[in-house]
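# Architecture and fold: a report
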Amino acid sequence: MSTTSTKTLENLSVESRRFPPPEDFAAQAVATAELYEEAAADRLAFWAKQARERLSWETDFTETLDWSDPPFAKWFVGGRLNAAYNCVDRHVEAGNGDRVAIHWEGEPGDTRTLTYADLQREVSKAANAFAALGVGQGDRVAVYLPMIPEAAITMLACARLGAAHSVVFGGFSADALRSRIEDAEATLVVTADGGYRRGAPSALKPAVDAALEAGGASVKDVVVVRRTEQDVEWTEGRDHWWHDVVDSASEEHTAEAFDSENPLYILYTSGTTGKPKGILHTTGGYLTQVAYTHATVFDLRPETDVYWCAADVGWVTGHSYVVYGPLANGATQVMYEGTPDTPHKGRWWEICAKYGVTILYAAPTAIRTFMKWGEEIPGEHDLSSIRLLGSVGEPINPEAWVWYRRVIGGDTAPIVDTWWQTETGGMMISPLPGVTTLKPGSAQVPLPGISAAVVDDEGNPVGPGGGGYLVLTEPWPSMLRTIWGDDQRFKDTYWSRFPGRYFAGDGAKLDEDGDVWLLGRVDDVMNVSGHRLSTTEIESALVSHPAVAEAAVVGATDDMTGQAPVAFVILRGNADAVLGDTDPQEALRAHVAKEIGAIAKPKRVLVVQELPKTRSGKIMRRLLRDVAENRELGDVTTLTDAGVMGLIQDGLKGAK
Ligand code: WT7
């Protein structure tokens, strides 16, 4: 365990507050304690039941799990279904066409309401339009959109056609978009002129143009939603306005059923090496688990709840808990385009009051920001409709948890701290509201149907009170099926550290009751505001600047964002000439923003003469983290040159 983990462990052991389920909540809870027993008695029968009860299958499956070629899983073998039909059409057929699916709120204050019947028309039109452009089963479609209804409509239209979408977060650069388009060999890109961020239009189309100028040869068409009315460059024959091709398309589209294992989407996430991993999710297992978890963990009552997951569709949370989970369950939800402080810092709470939000799902980084802004701000709004709160993306500090429950949850709302990953597709470890007595800061127990353990270096399970690595010990329906185009990397990354078990990359501790406390990433992936970034990716971006010779990036603990990238760079001899009057810190931060996106911008850039390295040439980031967090240095004995750290520290004195 690193020094950070040990420190966290000490803090955790003193957290003794407990929150038993409110009686009235428990009396009516969707989840029951029997679920654990039922799943433990026969895990596969439990999942088969979830699949059959929660989804509509055109053809029933004949086998629940085929694990004959691990780690390559097949769930609900032989079953056929259409994900979009399950998320949209069947609710209309059941007589719920008038139910609101999406209350959309644009950042400037414009709004749109889409019922399930509206969604069915829009998704059908988009599917017809994409099909007319040649998109069909097995194709890949890149999606680069702001948080507007067309994002969900596009994803569902792809699913309807059996094509896999690859959503690229709108904050990513042209280069990041290009490499993702190329890796997936997408043939269509769906984008917008721009979206609203912090009170101003923020362009998207220029990044698509730049990406396709630099590469992305597989792309034949680009469909552009008009949102901000910014001027856009136009490539005749390739570019099409959404309002031309989609609005004129037929509202009738028959959703064909596809194999349970048909690819549903690819979503890129950072790995320990530079190249992002294309996480592949398929249809039947994924939809089963997101529908099941969305209903039980959020205590969902689709007829009365107003659910709001404040994540962008560019991240997995948006895929599973904005699009597929809630819509499969026929929920009514809020979708918000913009930032929490535009036009004022009470925007979220104004939205909650306006729509009567009952369930709110947010990230600890947002909660910490609201804490910083002060409780008077939410206090100005009526939040009495909120009855359940969720947290996701990183460990939530007990103080933030308690604040969230008291200030936002009216001192009564249970909080579900949900641990999962892009790779797991759906929630894995979380309390069940109405059942579990809550502990602030702990994700607590694997959900019914999920098997997890904390193991030591040798892979032996640790007992209560022990710490180590989090592993998943049995396959689960929404597990990633592979890394797109790289089965070997899939095996190496997740299944080789502890053979037969899935290595999540997170450190964890079990308390005396056996509850799980997550301690953050054990590899060189950092978590900034709930978004995963690889140190290597940022280092590569820094090194691509002509003034930089070498770079090492670490994730330093940060009160606001969880972790923040801190960069140590060695400048080239000609750096002065390259940089001129520009401050190296500013130049390099801007460069990283351009190469990867603003989220990856180092909080600090420290210019050093040398970097600490092991004999095998590996940079010892652990020591740099000690420096970045102003801590005493750990073990320096494996360094080639133990004097290096002294030089770095001396050089930094006065630099801050
Ligand atoms: C990593 C996965 C899950 C969707 C958003 C992030 C961290 C996630 C929790 C939690 C402690 C958490 C882990 C995990 N993480 N949720 N409730 N408690 N840590 O997805 O980008 O794939 O990141 O986020 O470190 O491995 P992701």
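The model shown is predicted, which means the values in this text are computed figures rather than measured ones.

### Quick look at the overall build of the protein
Summing up its helical and strand segments, the protein has 22 helices and 30 strands in all. Scaling as 2.2 N^0.38, a compact globule of 656 residues should have a C-alpha radius of gyration of about 26 Å, and the protein matches this with 24 Å. The proportion of buried residues among the 656 residues of the protein is 54%.

### Observations concerning the packing of helix H5 (residues 83-96) against helix H7 (residues 149-161)
Following both chains from N to C, one finds H5 and H7 inclined at 120°, their axes separated by 7 Å at the closest point. In this view, H5 runs oblique relative to H7, as classed from their interaxial angle. The segment H5 lies against H7, with Ala 83, Ala 84, Cys 87 and Val 88 engaging Leu 156, Ala 159 and Arg 160.

### As for the pairing of strand E19 (residues 388-392)
Among the five residues of E19, five are classified as buried, and the element is accordingly described as predominantly covered. Judged by which residues are buried, E19 turns out to be covered on both faces: Leu 388, Gly 390 and Val 392 on one side and Leu 389 and Ser 391 on the other are all buried. In the sheet, strand E18 (residues 359-362) pairs with E19 via four bridges, with the strands oriented parallel. Looking at the pairing, Ile 359 lines up with Leu 388 of E19.

### Considerations on helix H8 (residues 174-184)
With nine of its 11 residues buried, H8 lies for the most part within the structure. All buried positions along H8 are accounted for by Ala 174, Ala 176, Leu 177, Arg 178, Ser 179, Arg 180, Ile 181, Asp 183 and Ala 184. Of the surrounding elements, those touching the buried residues of H8 are strand E6 (140-144), strand E7 (164-167), strand E8 (188-192), helix H9 (205-214), strand E14 (263-269) and strand E15 (277-282).

### Here we look at the sheet that holds strand E23 (residues 482-483)
Strand order in this open sheet of eight strands is E12-E11-E8-E6-E7-E14-E15-E23, and the pairing throughout is mixed. Only two strands of the sheet have a single neighbouring strand rather than two, namely strand E12 (239-241) and E23. Both E15 and E23 contribute to a ladder of two bridges, which runs antiparallel. By the bridge assignment for E23, Leu 280 is matched with Thr 482. Contacts from H8 reach E6, E7, E8, E14 and E15 within the one sheet, and its direction differs from that of E6 by about 165°.

### Focus on the sheet that holds strand E25 (residues 516-521)
The antiparallel open sheet is built from four strands, whose spatial order is E21-E22-E24-E25. Each having just a single partner strand, strand E21 (452-455) and E25 make up the two edges of the open sheet. Direction aside, neighbouring strands of the sheet carry axes that sit 45° apart on average. Both E21 and strand E22 (residues 467-472) contribute to a ladder of four bridges, which runs antiparallel. By the bridge assignment, Val 455 is partnered in E22 with Tyr 469.

### Points about the packing of H5 against helix H6 (residues 116-132)
When two helices pack together, their arrangement is captured by the angle between the axes and the distance separating the axes. Between H5 and H6, the least distance of the axes is 9 Å, while the angle of their chain directions is 135°. As judged from the angle between their axes, H5 and H6 are oblique. Both H5 and H6 take part in a crossing whose hand is left-handed. Contacts between H5 and H6 involve Ala 84, Val 88, Asp 89, His 91, Val 92 and Asn 96 from the first element and Tyr 116, Ala 117, Leu 119, Gln 120 and Val 123 from the second. Classifying every residue of the contact of H5 with H6 gives seven nonpolar, three polar and one charged.

### Some remarks on the nonpolar core
Among the nonpolar cores identified, the biggest contains 202 residues, and Val 143, Leu 156, Leu 177, Val 189, Leu 360, Val 471 and Ala 567 are the most heavily contacted of them. At nine residues, H7 tops the list of elements feeding residues into this core.

### Comments concerning the site of the ligand
The immediate surroundings of the ligand are formed by 23 residues, with Pro 395, Gln 421, Thr 422, Leu 518 and Arg 532 found nearest. By residue class, the composition of the shell around the ligand is eight nonpolar, 10 polar and five charged.

### Focus: the UniProt feature "binding site: Mg(2+)" (unreviewed entry) in the protein
Following the UniProt record, the feature "binding site: Mg(2+)" (unreviewed entry) maps to Val 543, His 545 and Val 548 here. Here Val 543 is to be found in helix H18 (residues 535-543). Leaving out residues up to four positions away in the same chain, Val 543 has contacts with Val 548, Glu 550 and Ala 551. Its place among the elements puts Val 548 in strand E28 (residues 548-558). Residue Val 548 is classed as buried on the basis of its 24 C-beta neighbours within 10 Å. Apart from residues lying up to four places away in sequence, Val 548 is in contact with Leu 542, Val 543, Val 569, Leu 571, Arg 572 and Leu 588.

### A short note on the pairing of strand E20 (residues 415-418)
Here E20 shows two buried faces, one formed by Ile 415 and Asp 417 and the other by Val 416 and Thr 418. As judged from the four bridges shared by E19 and E20, these two strands associate in the parallel manner. Note on E20: the bridge partner recorded for Leu 389 is Ile 415. Each parallel crossover has a hand, and for E19 linked through helix H16 (residues 398-408) to E20 it is right-handed.

### Concerning unusual backbone geometry
Cis peptide bonds are those with omega within 30 degrees of zero, and the linkage from Pro 70 to Pro 71 qualifies with 5°. Note on placement: Pro 71 falls in the loop between strand E1 (63-69) and strand E2 (72-77). Following Thr 342, the chain continues into Pro 343 via a peptide bond in cis, with omega recorded as 0°. With respect to the secondary-structure elements, Pro 343 resides in the loop between strand E17 (332-336) and helix H13 (347-355).

What counts, and at which threshold
- Residues numbered from 1 in each chain as written.
- Predicted model: local features only at pLDDT ≥ 70, side-chain atom pairs only at ≥ 80, totals over all residues.
- Helix = DSSP H or I, 4+ residues; strand = E, 2+ residues; numbered from the N terminus.
- Rg over C-alpha atoms; globule rule 2.2 N^0.38 Å.
- Buried ≥ 20, exposed ≤ 12 C-beta atoms within 10 Å, placed from the backbone.
- Axes fitted to C-alpha atoms, helices over the stretch in contact; angles between N-to-C directions.
- Parallel < 35°, antiparallel > 145°, perpendicular 65-115°, else oblique.
- Contact = placed C-beta atoms within 7 Å.
- Pairing = 2+ DSSP bridges.
- Left-handed = near helix turned anticlockwise from the far one by under 90°.
- Nonpolar A, V, L, I, M, F, W, Y, C, P; charged D, E, K, R; others polar.
- Core = buried A, V, L, I, M, F, W, Y, C linked by C-beta atoms within 7 Å.
- Near = placed C-beta within 6 Å.
- UniProt positions renumbered as here; feature names shortened; annotations may be inferred.
- Right-handed = clockwise from strand over helix to strand, strands pointing away.

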